[in-house]
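Secondary and tertiary structure notes
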Amino acid sequence: MFSMEWLCGQAAFIYAFNKIKPALVVDKIIEALVDVLVPGRGVGESNWFWRNVRSLERDGDRISKELDIRAELRGWDQEYPYFHHELIVRYAAGLLASSVAVFAWGQVRSLFGSRRRSY
């Protein structure tokens, strides 16, 4: 009725969908985006005073950019309430887990299936 490949994929999707913590994933994604979008150290840091001033500016920029990204996510959630960003993370994790499970099942099946000898 159902293939084992399909059942493995479904079980992996359901498990990952229910077990993932989307807030942690979203926090890591936002942290990576802020690292990419906010420039690092630059010119004008010749002494300790200017290094500290630049550090304060950079930290302020990072916090501002993070708040902007979170505000955009809140706006997305209000505009599309049935397509919440945490639900997108859950579906992506489930899809990835399902794909990995189906691939692993295929590899295990081909490992044991190729050992049969035909005379």
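This text goes with the structure placed above it.
Everything quoted here is computed from the prediction, not taken from an experiment.

When its secondary structure is counted, the chain shows 4 helices and 0 strands. The helix and strand sequence of the chain, counted from the amino end, reads α-α-α-α. A buried classification covers 17% of the 119 residues belonging to the chain. Considering only residue pairs separated by 6 or more positions, the chain has 73% of its internal contacts joining residues 24 or more positions apart. With the model as given, the accessible surface of the chain reaches about 9,500 Å², and the carbon-plus-sulfur share is 63%.

Counted under the stated rule, the structure contains 5 aromatic pairs. Between the aromatic rings of phenylalanine 13 and phenylalanine 17, the centroid separation amounts to 5.9 Å while the plane-to-plane angle is 20°, which identifies the pairing as stacked. Residue phenylalanine 13 and its partner phenylalanine 17 are both found in helix 1 (residues 4-19); the two are separated by 4 residues, about one turn of the helix. Ring geometry for tryptophan 76 and tyrosine 80: centres 4.6 Å apart, planes at 50°, overall tilted. The class for tryptophan 76 is partly exposed, based on a relative accessible area of 34%. Among the aromatic residues, those joined into a ring-pair cluster are Phe13, Phe17 and Tyr91. A cation sits over an aromatic face here: arginine 90 above phenylalanine 17, 5.8 Å from the ring centre.

Moving on: the environment of glutamate 86. You can see glutamate 86 is positioned in helix 4 (residues 85-113). Remark: the alpha-carbon pair of glutamate 86 and valine 26, spanning 60 residues in sequence, is separated by 7.7 Å. Sequence-distant contacts of glutamate 86, defined by excluding residues within four places in its chain, comprise Pro22 and Ala23.

It is worth spelling out the packing of helix 2 (residues 22-37) against helix 4 at this point. Running from amino to carboxyl end, helix 2 crosses helix 4 at an angle of 100°, the nearest separation of the two axes being 9 Å. Classed by the angle they form, the pair helix 2 and helix 4 counts as roughly perpendicular. Contact with helix 2, carried on its side by Pro22, Ala23, Val25 and Val26, involves His85, Glu86, Val89 and Arg90 of helix 4 and no other residues of that element.

This part takes up the packing of helix 2 against helix 3 (residues 48-79). For the pair helix 2 and helix 3, interaxial distance at closest approach is 10 Å and the crossing angle is 130°. Taken as axis vectors, helix 2 and helix 3 run oblique relative to one another. Classified by chirality, the crossing of helix 3 by helix 2 is right-handed. Contacts between helix 2 and helix 3 involve Val26, Asp27, Ile30, Leu33, Val34, Asp35 and Leu37 on the former and, on the latter, Arg62, Lys65, Glu66, Ile69, Arg70 and Leu73. Classifying every residue of the contact of helix 2 with helix 3 gives 7 nonpolar, no polar and 6 charged.

Scoring rules and cut-offs
Residues numbered from 1 in each chain as written. Predicted model: local features only at pLDDT ≥ 70, side-chain atom pairs only at ≥ 80, totals over all residues. Heavy atoms only, no water. Helix = DSSP H or I, 4+ residues; strand = E, 2+ residues; numbered from the N terminus. Buried < 20%, exposed > 50% of the residue type's maximum accessible area, 1.4 Å probe, protein only. Contact = heavy atoms within 4.5 Å. Areas by Shrake-Rupley, 256 points an atom, 1.4 Å probe, with all protein chains shown as cover. Phe/Tyr/Trp six-rings, centres within 6.5 Å; stacked < 30°, edge-to-face > 60°. Lys NZ or Arg CZ within 6 Å of the ring centre and 35° of its normal. Axes fitted to C-alpha atoms, helices over the stretch in contact; angles between N-to-C directions. Parallel < 35°, antiparallel > 145°, perpendicular 65-115°, else oblique. Left-handed = near helix turned anticlockwise from the far one by under 90°. Nonpolar A, V, L, I, M, F, W, Y, C, P; charged D, E, K, R; others polar.

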